[in-house]
Amino acid sequence: MLLCTVLQLAADARRNISGRRGSGWATRNRTGDGDPGKVRMKKVLTIGLAIGVIGIGAVAGLFGGERLVEALAGQSGEESGGGEATAAAVTTRTPEEREILDTFGAVGTILPARSVSLAPMSDGRVTEVAIESGEAVAAGDVLLRLDDRAERAALDDARATLTETRAAFERYETLLEGDTASEARFEQARGTYQRARAAVEVAEANLADRTLKAPFGGILGVVGLDPGAQVDSATVLTTLDDLSIVEVEFSVPERYFAAAEVGQTVTLDGAIHADRTFEGKVTLVAPRVDANSRSFVVRATIPNDDRSLAGGMFMNVALVLGSRTALTLPDDAIISEGSATYVYVVADGTARRTDIVLGQTQEGRTAVTDGLAADAEVVVTGYDRLSDGDAVTVGTSDTAGEALN
């Protein structure tokens, strides 16, 4: 229909052009070359040519479009009904039964096993600071000395008094045995002697308090005193931390209260030691649950001979509550879409979508607690091209085997 219309328009245009051409010549012969008839003839000719081009393009488009539709229809027919779909190539593995650790993760704080703030036992002027900041000391090492001249004089006086009273007591003791001294005199001499002996002990203690010693071995903190400073018992010299063994303290929700026990294993890791894991044992499970946080405190002891851990550090803690065996799959074989978690299982050459329930993840593998049989052939590579019910061909792949190890 469109072709006929185009041909008719072309014929009309040709007749019109011929008629106008004759009229134009006649006019030109009468009026000369500048007659407007020539201009009108050119316009009509141009319009006719344009209509012809449009018609040819429409015809070509019509027949080309029909061929394109026919080609697409033929291809669709071959894919849907005319030919058989190609089976997808996949590799499969059966789930492995492995021991899975039931763990609880938390963030813990490192605490020194022993830590104290060091301050002098009495008031006075500093005469010697025998340590430096960050120094390692042993138990009994001298850290600080105060002016002790008065205490030494007091001790000498007390010792002299003790010598006198001891001699008097011994003399009255001899006289009492010979019945030449009364019992009252003897008791008085013994009391004086005992008080003198106690005075010596007090003087010795006062003198000892003028020297500050390390109560145990450890690492000193920043020393903030110099000789000549006036101090009292509230003046802190520095801190002392025993880091040969440290503790990690963390909070655990109350739902784990019955499962947490002394002796359980904890593992620690953190950004400061990204390539290392520390291990220790639980030494304390708090006997009560905090009413505000609904959690309880757990402490574990960690060996720290190389002083890698310091007080105040934050570490990731994994508390091992128990272990069990379970079917496991490599993480790469598990598909998650929104709230759905599934795998493809191959049976009789067909891939079937199978929903599963996951458990603990450990070392690149995840436990499957429900939805999967022990002998299931689970697709581990090639599942990204699958839909439920697709035909598959099962092959082998070393890469897929490594993923399960």
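Cut-offs and rules
- Residues numbered from 1 in each chain as written.
- Predicted model: local features only at pLDDT ≥ 70, side-chain atom pairs only at ≥ 80, totals over all residues.
- Heavy atoms only, no water.
- pLDDT = per-residue confidence, 0-100.
- Contact = heavy atoms within 4.5 Å.
- Phe/Tyr/Trp six-rings, centres within 6.5 Å; stacked < 30°, edge-to-face > 60°.
- Helix = DSSP H or I, 4+ residues; strand = E, 2+ residues; numbered from the N terminus.
- Buried < 20%, exposed > 50% of the residue type's maximum accessible area, 1.4 Å probe, protein only.
- Axes fitted to C-alpha atoms, helices over the stretch in contact; angles between N-to-C directions.
- Parallel < 35°, antiparallel > 145°, perpendicular 65-115°, else oblique.
- Left-handed = near helix turned anticlockwise from the far one by under 90°.
- Nonpolar A, V, L, I, M, F, W, Y, C, P; charged D, E, K, R; others polar.
- Pairing = 2+ DSSP bridges.
- Polar contact = N/O pair within 3.5 Å; in protein donor to acceptor, adjacent residues only side chain to side chain.

1. Observations regarding the confidence of the model for the protein
Any segment with low pLDDT has predicted coordinates that should not be analysed in fine detail.
Piece 1. In the predicted model, the protein carries a mean pLDDT of 80, and the fraction of residues at 70 or more is 76%.
Piece 2. Overall, residues 1–7 carries pLDDT values under 50, and its contacts beyond four positions in sequence, including any with other chains, amount to 3 contacts.
Piece 3. Considering only residues more than four positions removed or in separate chains, one finds that residues 53–83, a stretch of pLDDT under 50, has 6 contacts.

2. Considerations on the packing of aromatic side chains
Piece 1. Counted according to the given criterion, the structure contains 5 aromatic pairs.
Piece 2. Taking 5.0 Å as the distance between ring centres and 45° as the angle between the ring planes, the aromatic pair formed by Phe104 and Tyr256 counts as tilted. Placement of the pair is Phe104 in strand S2 (residues 96–118) and Tyr256 in the loop between strand S9 (238–253) and strand S10 (265–270), with a sequence separation of 152 residues.
Piece 3. Judged by relative accessible area, which is 13%, Phe104 ranks as buried.
Piece 4. The class for Tyr256 is partly exposed, based on a relative accessible area of 21%.

3. Digging into the packing of helix H3 (residues 149–177) against helix H4 (residues 183–208)
Piece 1. One way to put it is that H3 packs onto H4 with a least axis distance of 8 Å and a crossing angle of 160°. Taken as axis vectors, H3 and H4 run roughly antiparallel relative to one another. Between H3 and H4 lies a crossing of left-handed hand.
Piece 2. Here the residues of the contact of H3 with H4 are counted per class, giving 16 nonpolar, 4 polar and 10 charged.

4. Description of the pairing of strand S15 (residues 340–347)
Piece 1. Buried residues dominate S15, accounting for 6 of its 8 residues.
Piece 2. In this structure, the hairpin formed by strand S14 (residues 335–337) and S15 is closed by a connection of 2 residues, where Gly338 is found at a positive phi of approximately 65°.
Piece 3. Between S15 and strand S16 (residues 350–355), which follow one another and run antiparallel, lie 2 residues, and Asp348 among them has a positive phi close to 55°.

5. A look at the environment of Ile356
Piece 1. Structurally, Ile356 is set in the loop between S16 and strand S17 (357–362).
Piece 2. The buried category is assigned to Ile356, whose relative accessible area is 7%.
Piece 3. In this structure the C-alpha to C-alpha distance between Ile356 and Leu372, which are 16 residues apart in sequence, comes to 6.5 Å.
Piece 4. When near neighbours in sequence (up to four residues on either side) are disregarded, Ile356 contacts Ile334, Thr341, Tyr342, Val343, Val368, Asp370, Gly371 and Leu372.

6. A few points about the environment of Asp147
Piece 1. With respect to the element layout, Asp147 can be found in the loop between strand S5 (142–146) and H3.
Piece 2. Sequence-wise, Asp147 and Arg210 are 63 residues apart; in three dimensions their C-alpha atoms are separated by 6.9 Å.
Piece 3. Excluding anything up to four places from it in sequence, Asp147 contacts Arg125, Thr127 and Arg210.
Piece 4. Within the local environment of Asp147, its side chain forms a polar contact with the side chain of Arg149, the two groups lying 3.0 Å apart.

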